[in-house]
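A closer look at the structure
Below are the chains, spelled out letter by letter.
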Amino acid sequence: MTRHRRFDLIAFDWDGTLYDSTALIVRCIQQACRDIDVAVPSDSQAAYVIGLGLHDALQHAVPGLPAERYPELGRRYRHHYLASQHDLSLFDGSLPMLHALKARQHWLAVATGKSRQGLNEALASTELRGLFDASRTADETHSKPHPAMLHELMAELGVPAERTLMIGDTTHDLQMAVNAGCASVGVSFGAHDAEAFEPLKPLFVAHSTAELRQWLADHA
C-alpha cells in the first residue's frame, strides 16, 4: 500500500544540519575577536549563535561592543571563514537522503543564517545542483527565529504550514518553526544540545544523519 506524504515541503537549515561546519564557525568567531582584541567567547557561546544572521550572531556572541566595531568584527570573521570554507563538506549521508526525498516528490528548501553569496557558493557544487526548489538567507529577509523565511518559502512553493517541516540543529531553527506554525525535527550533531530542544516540541530529534534519513522515510 502506498503511504501518502505527511509533508510536501521540507526546509533544512544549512550549517550544522546538512553541512559539517559548526566547529569552523566557532573557531572563526573566536579568531575574529582575537584579531580586534575583544573578549573571546567560549565554544558554547560561539556555537549558540550559529543559525542567526551574521550581524545578530556577532551581537549575541560579543555583547557590549560599540556598534561601529561590529562591521570590523564581521570582516575578520568572513576573512577566516572564506580562507577555510573549501575544507568543509556535507555530513556523510546527507546527499543520498536529499536524493531520496526528491525521488518522493517533496519540495526541498534551505532556510539559513548564511548570506546569499555564501549559500550560493555552497550550492554551486555539481552534486547539489537542482536539488533545492527554493532558499532564503538571513541577508534577504528576517533572521531566525522570525518566521519570515518559512512564510516566504511556503508562499513561493504554495504549501500551507501544516504540510511544512523544518529541520535544524539549533533552537533558533525550531523556534522559527513554532513561530511559523510548522512542525520541526531537531538534529543533535550540530551547534545546540538536544536537551535545549524539548520546550520547542520537535517531532523527533535525530542523533545522526542516518537516523534522520530513516525517520523521514518512515514519517515524512
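Keep in mind that what you see is a predicted model, and the values were worked out from it rather than measured.

Right, let's get into the pattern of salt bridges. For the structure shown, the criterion picks out eleven salt bridges. With its nearest N and O atoms 2.8 Å apart, the salt bridge here joins D13 to K144. Here the residue D13 occupies a position in the loop between β1 (9-12) and α1 (22-35), and K144 occupies one in the loop between β3 (134-137) and α7 (148-157), the gap between them amounting to 131 residues. As far as the burial class goes, D13 and K144 line up, both buried. Between R136 and E152 there is a salt bridge, with the nearest N and O atoms lying 2.8 Å from each other. In this pair, R136 is assigned in strand β3 and E152 in helix α7, connecting sequence segments 16 residues apart. On the accessibility criterion, E152 (29% relative accessible area) is partly exposed. Connected through shared salt-bridge partners, R5, D8 and R163 make up one network.

By the burial criterion, the buried members of helix α3 (residues 54-61) are A57, L58 and A61. Mapping the buried residues of α3 onto a view down its axis gives an arc of 95°, with all of them on the same face. Contact partners of the buried residues in α3: α1 and α4 (70-84).

In this structure, S143 sits in the loop between β3 and α7. For S143, the side chain forms a polar contact with the main-chain nitrogen of G53, separated by 2.8 Å.

Calculation notes
- Residues numbered from 1 in each chain as written.
- Predicted model: local features only at pLDDT ≥ 70, side-chain atom pairs only at ≥ 80, totals over all residues.
- Heavy atoms only, no water.
- Salt bridge = Lys/Arg side-chain N within 4 Å of Asp/Glu carboxyl O.
- Helix = DSSP H or I, 4+ residues; strand = E, 2+ residues; numbered from the N terminus.
- Buried < 20%, exposed > 50% of the residue type's maximum accessible area, 1.4 Å probe, protein only.
- Arc of directions from axis to C-beta.
- Contact = heavy atoms within 4.5 Å.
- Polar contact = N/O pair within 3.5 Å; in protein donor to acceptor, adjacent residues only side chain to side chain.

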